[in-house]
Amino acid sequence: VIGALGFGMYFLVTLPESIWPHPALLWVSEVAIGLFLLGLIKPLIEPQRRGEPAHLLDLRQEETLRDFTTKICQQIDAPQPKTIQLECSTRMAADKGGSVVTLGLPAIAAMSVDQFACVLAGLLSLHRPKAGCRVMNMIRGTNYWLWRSVYGKSRFDRWLARDAERPHFHAAKLLLPLKVMKFPAQIVLFIPMFIPNTIAQSVVRAAELDADHAAARLVGRRTFAAVLERLEQINFSWDGVLADLKFLNKEDRLPDSL
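Let me begin by describing the structure that accompanies this report. Please read these numbers as outputs of a predicted model, since none were measured by experiment.

### Remarks on a nonpolar patch on the surface
Where nonpolar side chains cluster on the molecular surface, the patch consists of Tyr144, Trp147, Tyr151, Phe190, Ile191, Phe194, Ile195 and Ile199 and spans about 890 Å² of accessible area. Going through the elements one at a time, α6 (133–151) and α8 (182–199) are the ones with two or more residues in the nonpolar patch. Tallying contributions element by element places α8 first for the nonpolar patch, with 5 residues. Along the polypeptide, Phe194 turns up in helix α8. Looking at Phe194, the relative accessible area reads 49%, which means it is partly exposed.

Pasting the structure below:
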């Protein structure tokens, strides 16, 4: 679509001026196509929202954690993570083929050892070499990019939304019409997003179900069910904490509550 729009802009310029009722219509068309083209390029180049700062652990000094993850990987036939990092959130993730594991400290603090083992097993089971996980993770990454391009909000979109809420007029509000730039991507990518999510979701769900079975076999069904409930409680409580902090900061009452 990007190539077709670029060719369309070139084609309009090469047309004879006699076919246009007014020369200004040519430039209006060029500007309209250019904005549509810019709206499609925007998801490819714009930076996304920053995550929480991550703190790398030195596994040579964290012998207990290193041995713990090694035993889990041996039980589920998963690759040993090369890097383990912590962040102040409830996010738990394993990226880059399972070599980088991110653990949220608030979540870990509210779990038992068995529950923590269940979470680690569930994350690393999605990267087992003999379970078709490489293809599945590629599908998940593609589907996530499509979903983010259609429904997600980048740092620029969030900045425009915050700017629109400010009470007084200032120069930055002249950029508010750029909020419609996400509509071209939504129009063009909706069908490609809908089709992969409909067709490939069965493959992703099968791999995720297999990973859940591996975690449940490791710690037991009761512990696995308790982990699911526990993670929901942790995420709900953490969202409440962040909302309270945001309110106190907005009201200039945060220092009184530290």
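Moving on from the model shown.
### Details of the packing of aromatic side chains
In this structure the tally under the stated criterion is 3 aromatic pairs. Here the aromatic rings of Phe68 and Phe116 are separated by 5.7 Å at their centres, their planes lie at 10°, and the arrangement is stacked. Taken together, the residues span a long stretch of sequence, with Phe68 in helix α3 (residues 63–76) and Phe116 in helix α5 (residues 113–124) at a distance of 48 residues. Plain terms: the ring middles of Phe190 and Phe194 are 6.3 Å apart, the flat faces sit at 15° to each other, and that makes the pair stacked.

### Thoughts on the nonpolar core
Ile76, Met92, Val101, Leu103 and Leu124 are the most contacted members of the largest nonpolar core, which has 29 residues in total. Residue assignment for this core shows that the elements contributing at least two residues are α3, β2 (83–87), β4 (100–104), α5, α9 (201–219) and α10 (221–250). If one sorts the elements of this core by residue count, α5 sits on top with 8 residues. Apart from the residues lying within four places of it in its own chain, the contact partners of Leu124 are Cys73, Ile76, Ala78, Pro79, Pro81, Ala94, Gly98 and Val101. Core analysis: the second largest hydrophobic core is formed by 7 residues, Ala200, Val204, Ala207 and Ala211 among them.

### Describing the layout of surface pockets
In this model, the largest pocket occupies a volume close to 880 Å³. Along the wall of the largest pocket there are 30 residues; nearest its centre are Ala94, Leu123, Leu126, His127 and Arg140. Of all the secondary structure elements, the ones that give two or more residues to the lining of the largest pocket are β3 (93–95), α5, α6, α9 and α10. When grouped by side-chain class, the residues that make up the lining of the largest pocket number 17 nonpolar, 6 polar and 7 charged.

Rules behind the numbers
Residues numbered from 1 in each chain as written. Predicted model: local features only at pLDDT ≥ 70, side-chain atom pairs only at ≥ 80, totals over all residues. Heavy atoms only, no water. Patch = residues over 30% accessible without salt bridge, like charges linked within 9 Å, V, L, I, M, F, W, Y side chains within 5 Å. Areas by Shrake-Rupley, 256 points an atom, 1.4 Å probe, with all protein chains shown as cover. Salt bridge = Lys/Arg side-chain N within 4 Å of Asp/Glu carboxyl O. Helix = DSSP H or I, 4+ residues; strand = E, 2+ residues; numbered from the N terminus. Buried < 20%, exposed > 50% of the residue type's maximum accessible area, 1.4 Å probe, protein only. Phe/Tyr/Trp six-rings, centres within 6.5 Å; stacked < 30°, edge-to-face > 60°. Core = buried A, V, L, I, M, F, W, Y, C linked by side-chain atoms within 4.5 Å. Contact = heavy atoms within 4.5 Å. 1 Å grid on protein atoms, 1.4 Å probe; cavity = no way out; pocket = protein on both sides within 12 Å on 5 of 7 lines; lining within 4 Å. Points joined across faces, edges and corners; volume = space filled by probe spheres on them. Nonpolar A, V, L, I, M, F, W, Y, C, P; charged D, E, K, R; others polar.

Such coordinate-based values are descriptive only and should not be taken to indicate function.
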